[in-house]
Amino acid sequence: MAGEPMTEPLLAIHSLKTHFRTDDGMVRAVDGVDLTIERGEALGVVGESGCGKSVTALTVLKLIQMPPGRIVDGQILWQGRDLVSLDMGEMRKIRSKEIGIIFQEPMTSLNPVYTVGEQIAEVVRQHEPLTRREAMDKAVEMLRLVHIPTPERRVHDYPHQFSGGMRQRVMIAMALSCNPQLLIADEPTTALDVTIQAQILDLLEEMKERFGMAIMLITHDMGVIAESVQRVVVMYAGRVVEEASVDQLFDRPLHPYTQGLIRSIPRIDLAAEKKSRLEAIAGVVPSLLDPPAGCRFAERCAFATPECTNAMPELREIEPGHRVACIQY
Amino acid sequence: MPQPLLQVKDLVKNFGLKGGILGRTVSEVHAVDEVSFYLNVGETLGLVGESGSGKSTTGRCVLRLIEPTAGEIWFEGKNVTELSGKELAALRRDMQIIFQDPYASLNPRMTVGAIIGEALVIHNLAKNRRELHDRVVELLETVGLGADHMRRYPHEFSGGQRQRIGIARALAVSPKLIVCDEPVSALDVSIQAQVINLLEDLQEQFDLTYLFIAHDLSVVEHISTRVAVMYLGRIVEIASARDLYARPLHPYTEALLSAVPIPAPRAKRERIRLQGEVPNPIHPPTGCHFHTRCPIRQLPLCSTEKPELRKTAEGHSVACHLRG
Amino acid sequence: MAGSTPASLTVDPATGVPVAVKAKPKRVTPGREAWRRFRRHRLAVASAVILSVMILAVLFGPLVWRVQINEIDFSAMLEGPSLAHPLGTDDLGQDLLARMLYGGRISLAVGLTAMAVAVIVGTIVGAIAGVSRGSVDAGLMWLTDLFLSLPQVPLLLLIIYLFRDSLKEIAGPEVGMFILIVVVIGGFRWMPVARLVRAQFFSLREKEFVEAARALGASTPRQVIRHILPNALGPVIVAGTIDVAAAIITESTLSFLGLGFPPDIPTWGRILYDAKDYLDIAPHWAMFAGGAIFLAVLTINYIGDGLRDALDPRRVL
């Protein structure tokens, strides 16, 4: 193995299972996920709605409602320390101090009755012994860092006075205010217009360089993945189906689901070429209530054999750094 | 040259904002600002733009779901803005709409059969129950669903299936023009492709004309014959899909194209990053609406004079003082 | 490959793409879904059972317990519960069980009918305001606010005082009083319903499925009846149940003030009124009447809670 890490990874998730109890039965939202993030690395987690990518991220920070949610199995090793067994008090120390998070809809994660400055200052003061004054200065500094114009003034504004893109900048400022080693970005640009999306992705890149933190970028957009991360984990129905460097993934996608996903997107960079029909993946994502035995993609897979439904395929390394969960390989 | 199916001339829509004790109109949102375009039979015109560009309002004005403030909308030789009563009802059979949100666009308390059959009942298109039933089944099958789905309720379906139901509802009256308002943006990538393919097949099968509204440039490029780019209520560029993507003229179009993330990690592209955000449509910038963010602007011209949409080549028009 | 295609796939004839059909074990109509949620609210279910028993009792009880309500027996005045008189007797030796059963009919009927009046008037006013916008809306809302700001109890008393006798002459003492009380209570309780319906209309009118109906050429009445109203009714039903309870209490209050039904017609409120002077020597008299009102109002409120959960529009949409 070429990329053998010399030290332990920043975050290592092993066979994580997060299930939700509902009236209809257990929803196996995350059902055996393995992934690692190295220090300073940008990891993309890609998949469609309901694949478990967001639940995985929320589980890392224990931000899921428990109950109905429950971590049924697995380990979340944060710099070697298992987060699964930590209580809420210890978890609070890790949140934002060590792991920051930003969400798709910044409006719902900001409190409308406090100014953004007060909200950033409060996060800072939870983790650092600063006076109110110093924390407010820190808030101004953070807003300046994320390129909000006239931060001295805007720090006294309320969330509704910011546009969607600006709010996401505020969220990033807040998440980075305690200098975390990992930033989880859960669909940070999905609600934004494309030109604003580009600005935010650039900003994330810049912040990563500046602070040397790792980023876990969760998205459904293959284009965003291709442009913003080095390594990718593809999820489907609560499982990781493929893991590769971004070049490997787009040059030689191995899992039929990844192949289908890449082929089903219209490509503007190939607009000059002859237009062809999109290759859609047939069917719909299976219900996580009673997920099919064996490979969860089998019923939509063009290459499926009767064998596929027998046992759940495990992730196996096909080439250095490229792992796939499919019995073809 | 044949008469276009739809011709929109100088369409304007202002939304009044009420305020004060007396509830008088205190300010206006200039949602659509003198928009003109045409649509030929069987083609697809893509309408792209970011939020606040007025693309959805334009689509709804064409259908008279929103009353336009000014301008003309000619459909098959009739001015849509002047129709009322019976004629407007007749228009509803020729023009239909498909919505973005597959959850909000279906009445949760009606069965799928009732939802699709409603148009047939309204316009008396079925002689009896038997015929109504058969037609609904036929429509369901056309969009890839089955007769057994008729008696189910919308919440029993996935997003993609709901969107198919919405399409079947639009097809029920055998329309000529369908306004597709972001029909795939709420769907997952793999389902998006299914619905896009379905729309393309239906277009061929029924000789449909689409006004395809979307913010996703890749989807628009894929499905459209021609594309109009909107910014703050105005069309800034209109061209054939291929031309627009290969030779964009307006600096906004260029920036928009370069901002679309491409699923090819090694593709080296020139990046144009726009500064700032779309200005408030209550007080749009003077002159060219884009001049506040434009990388190539030349003051004072751009900030004082509104650029007209000018033809630069066959089928390619742009509204820019510098590139026109 | 072919062998692996699950049976639940049907092939899309337009695209050739197989479309998975969700194999659902049973049909889930919105009604059944609401019932499933209602059932989870245990207090509401228990309340529904208790209230049903009370309704059945007042409906069919008098057929079984065939004691006259005005059979005076001075030998058995103010007796406590016994076999001959399970709920005891009043100051005239009249059987309380018979009077309670008979009075329950009137009290519950007043509650339900007054609620119906309030809901119907409120829905009509709210719907008209919600559809019309502009000056009609403003006018109707002005009227609603006016009614809300009136001092209700004095006005209620005044109206009853003014019209009691003329209505009694026209429709007889019992029916006349019933109509008067129902109209008066309903007439003072429609405003919250009207506001609720109007607010629902405002939000539903902008929903895409209503817009779709408009695009299909549906007339305004059709949009309202088929699309807006069915989706607006959930909260109205919840508000209506609370109104039943409020109407029962108002009727009791009126009777307690001596302005309700005449003394020879027992209602729960009237019985309570008559019992108040004998609280120290015959507490059972007041307790049964008060208990019945209490139980009816409490169960109705719990049922309202359960319906609120069951009909929450956010969970259906």
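Residues numbered from 1 in each chain as written. Chains lettered and ligands numbered in written order. Predicted model: local features only at pLDDT ≥ 70, side-chain atom pairs only at ≥ 80, totals over all residues.

A. A look at the overall build of chain A. Along the backbone of chain A there are 11 helices and 12 strands. In terms of overall dimensions, chain A is globule-like: its C-alpha atoms have a radius of gyration of 21 Å, near the 20 Å expected for 329 residues. For chain A, the C-alpha atoms occupy an extent of roughly 65 × 55 × 45 Å along the three principal directions. Every one of the 329 residues in chain A was classed for burial, and the buried ones make up 52%. Taking all contacts inside chain A whose residues are at least 6 apart in sequence as the whole, residues at least 24 apart take part in 64%. (Helix = DSSP H or I, 4+ residues; strand = E, 2+ residues; numbered from the N terminus. Rg over C-alpha atoms; globule rule 2.2 N^0.38 Å. Buried ≥ 20, exposed ≤ 12 C-beta atoms within 10 Å, placed from the backbone. Contact = placed C-beta atoms within 7 Å.)

B. Here's a closer look at the overall build of chain C. Along its length, chain C carries 12 helices and 2 strands. Listed N to C, the secondary structure of chain C is β-β-α-α-α-α-α-α-α-α-α-α-α-α in terms of helices and strands. Relative to its full complement of 317 residues, chain C shows a buried share of 40%. In chain C, the share of contacts with a sequence separation of at least 24, taken over all contacts with a separation of at least 6, comes to 67%.

C. View of the pairing of strand β8 (residues 209–214) of chain B. Residue and element names in this part refer to chain B. For β8, the tally of buried residues reaches 6 of 6 residues, placing the bulk of the element in the interior. The alternating pattern of β8 places T209, L211 and I213 and Y210, F212 and A214 on opposite faces, both of which are buried. Sheet topology places strand β3 (residues 44–48) next to β8; 5 bridges connect them, and they run parallel. By the bridge assignment for β8, L47 is matched with I213. Here 5 bridges tie strand β7 (residues 177–181) to β8, and the two strands are oriented parallel to one another. (Pairing = 2+ DSSP bridges.)

D. Structural detail: the sheet that holds strand β6 (residues 95–98) of chain B. Residue and element names in this part refer to chain B. Read from one edge of the open sheet, 8 strands run β6-β7-β8-β3-β9-β10-β12-β11, paired in mixed fashion. What marks the edges here is a single partner per strand, and that holds for β6 and β11 (310–313). When strand polarity is set aside, the average angle formed by the axes of neighbouring strands in this sheet is 20°. (Axes fitted to C-alpha atoms, helices over the stretch in contact; angles between N-to-C directions.)

E. Focus on the pairing of strand β2 (residues 25–37) of chain A. All names here are of chain A. Here 9 bridges tie strand β1 (residues 11–22) to β2, and the two strands are oriented antiparallel to one another. Bridge assignment links I13 to a residue of β2, and that residue is L35. Two successive antiparallel strands, β1 and β2, enclose a turn made up of 2 residues.

F. Looking closely at the environment of A:R323. Residue and element names in this part refer to chain A. If you trace the backbone, R323 turns up in strand β12 (residues 322–324). Exposure remark for R323: the 21 C-beta atoms within 10 Å place this residue in the buried category. Taking the C-alpha atoms as reference points, R323 and P306, separated by 17 residues in sequence, lie 23 Å from one another. For R323, the residues in contact, after removing those within four places along its chain, are E242, E243, L315, R316, E317 and I318.

G. Spotlight on the domain arrangement of chain A. Residue and element names in this part refer to chain A. Splitting chain A by domain gives domain 1 (1–95 + 230–329) and domain 2 (101–212). Taken over C-alpha atoms, the centre of domain 1 sits 28 Å from the centre of domain 2. Looking at which element gives the most residues to the side of domain 1 that touches domain 2, the answer is helix α1 (residues 53–60), with 3 residues. Per-class residue counts for the side of domain 1 that touches domain 2 are 7 nonpolar, 2 polar and no charged. (Domains from an automatic or database assignment. Nonpolar A, V, L, I, M, F, W, Y, C, P; charged D, E, K, R; others polar.)

H. Just the interface of chain A and chain B, in detail. Counting residues at the interface gives 40 residues for chain A and 35 residues for chain B. Those elements giving two or more residues to the side of chain A that touches chain B turn out to be α8 (194–211), α9 (222–228), α10 (246–251) and α11 (256–263) of chain A. The element contributing the most residues to the side of chain A that touches chain B is α8(A), with 7 residues. Its residues assigned to classes, the side of chain A that touches chain B comprises 19 nonpolar, 10 polar and 11 charged.

I. Representation of the nonpolar core within the structure. Within the largest apolar cluster, 277 residues are counted, with the highest numbers of intra-cluster contacts made by A:L182, A:M216, B:L211, B:F212 and B:V229. Here the element with the most residues in this core is helix α3 (residues 96–132) of chain C; it accounts for 17 residues. Counting contributing residues, this core receives three or more from each of domain 1 (1–95 + 230–329) and domain 2 (101–212) of chain A. Apart from the residues lying within four places of it in its own chain, the contact partners of B:F212 are B:T44, B:L45, B:G46, B:L47, B:C180, B:V220, B:I223 and B:S224. (Core = buried A, V, L, I, M, F, W, Y, C linked by C-beta atoms within 7 Å.)

J. Summary view of the sheet that holds strand β4 (residues 69–78) of chain A. Residues and elements named next belong to chain A. Taken in spatial order, the 4 strands of this open sheet run β2-β1-β4-β5, and their pairing is antiparallel. Edge positions in the sheet fall to β2 and β5 (81–82), since each of these pairs with one other strand and no more. Across the face of the sheet, α1 comes into contact with β1, β2 and β4 while running at roughly 70° to β2.

K. Quick look at the packing of helix α5 (residues 152–171) of chain C against helix α6 (residues 173–187) of chain C. All names here are of chain C. Relative to each other, α5 and α6 sit at 145°, their axes nearing to 8 Å. In terms of crossing hand, the pair formed by α5 and α6 is right-handed. Contacts from L156, I159, I160, F163, R164, L167, K168, I170 and A171 in α5 reach P173, V175, G176, M177, I179, L180 and V184 in α6. For the contact of α5 with α6, the residue count by class is 13 nonpolar, 1 polar and 2 charged. (Left-handed = near helix turned anticlockwise from the far one by under 90°.)

L. Region of the structure containing the confidence of the model for chain A. With 97% of its residues at a pLDDT of 70 or more, chain A has an overall mean of 87. Scored below 50 in pLDDT, residues 1–5 of chain A shows 5 contacts in the model against residues more than four places distant or in partner chains. (pLDDT = per-residue confidence, 0-100.)

M. Molecular detail of the packing of α3(C) against helix α4 (residues 134–149) of chain C. All names here are of chain C. Between α3 and α4, whose axes approach to 7 Å, the crossing angle comes to 150°. When you trace α3 past α4, the crossing you get is left-handed. Between α3 and α4, the contacting residues are V125, I128, A129 and S132 on the first element and G134, V136, D137, L140, M141 and T144 on the second. Partitioning the contact of α3 with α4 into residue classes produces 6 nonpolar, 3 polar and 1 charged.

N. Expanded view of helix α5 (residues 159–171) of chain B. In a regular helix each residue adds 1.5 Å, so 13 residues correspond to 18 Å; α5(B) covers 19 Å between its end C-alpha atoms and thus fits that length. Taken together, the buried positions of α5(B) are occupied by B:G160, B:Q161, B:R162, B:Q163, B:R164, B:I165, B:G166, B:I167, B:A168, B:R169, B:A170 and B:L171. Along its buried surface, α5(B) packs onto β6, α3 (112–122), α4 (129–142), β7 and α6 (189–206) of chain B together with α8 (208–215) of chain C. (Expected span 1.5 Å × (residues − 1).)

O. Structural view of unusual backbone geometry. Although it is not a glycine, A:K62 sits at a positive phi angle of roughly 50°. On the secondary structure map, A:K62 appears in the loop between α1 and β4. For B:R64, which is not a glycine, the phi torsion comes out positive at approximately 60°. Relative to the assigned elements, B:R64 resides in the loop between α1 (55–62) and β4 (70–75).

P. Representation of the environment of B:A319. All names here are of chain B. Within the element layout of this structure, A319 appears in the segment after β12 (316–318). Using a count of 24 C-beta atoms within 10 Å as the deciding quantity, one classes A319 as buried. Considering only alpha carbons, one finds A319 and L309, 10 residues apart in sequence, at a separation of 4.1 Å. In this view, A319 contacts R234, I235, V236, E237, P307, E308, L309 and G324; residues no more than four positions away in its chain are not counted.

Q. Broad picture of the environment of A:R231. Residues and elements named next belong to chain A. Positionally, R231 belongs in strand β9 (residues 231–236). R231 sits 14 residues away from S245 along the chain, and the two C-alpha atoms are 4.1 Å apart. Not counting residues up to four positions away in its chain, the partners in contact with R231 are E41, L43, S245 and V246.

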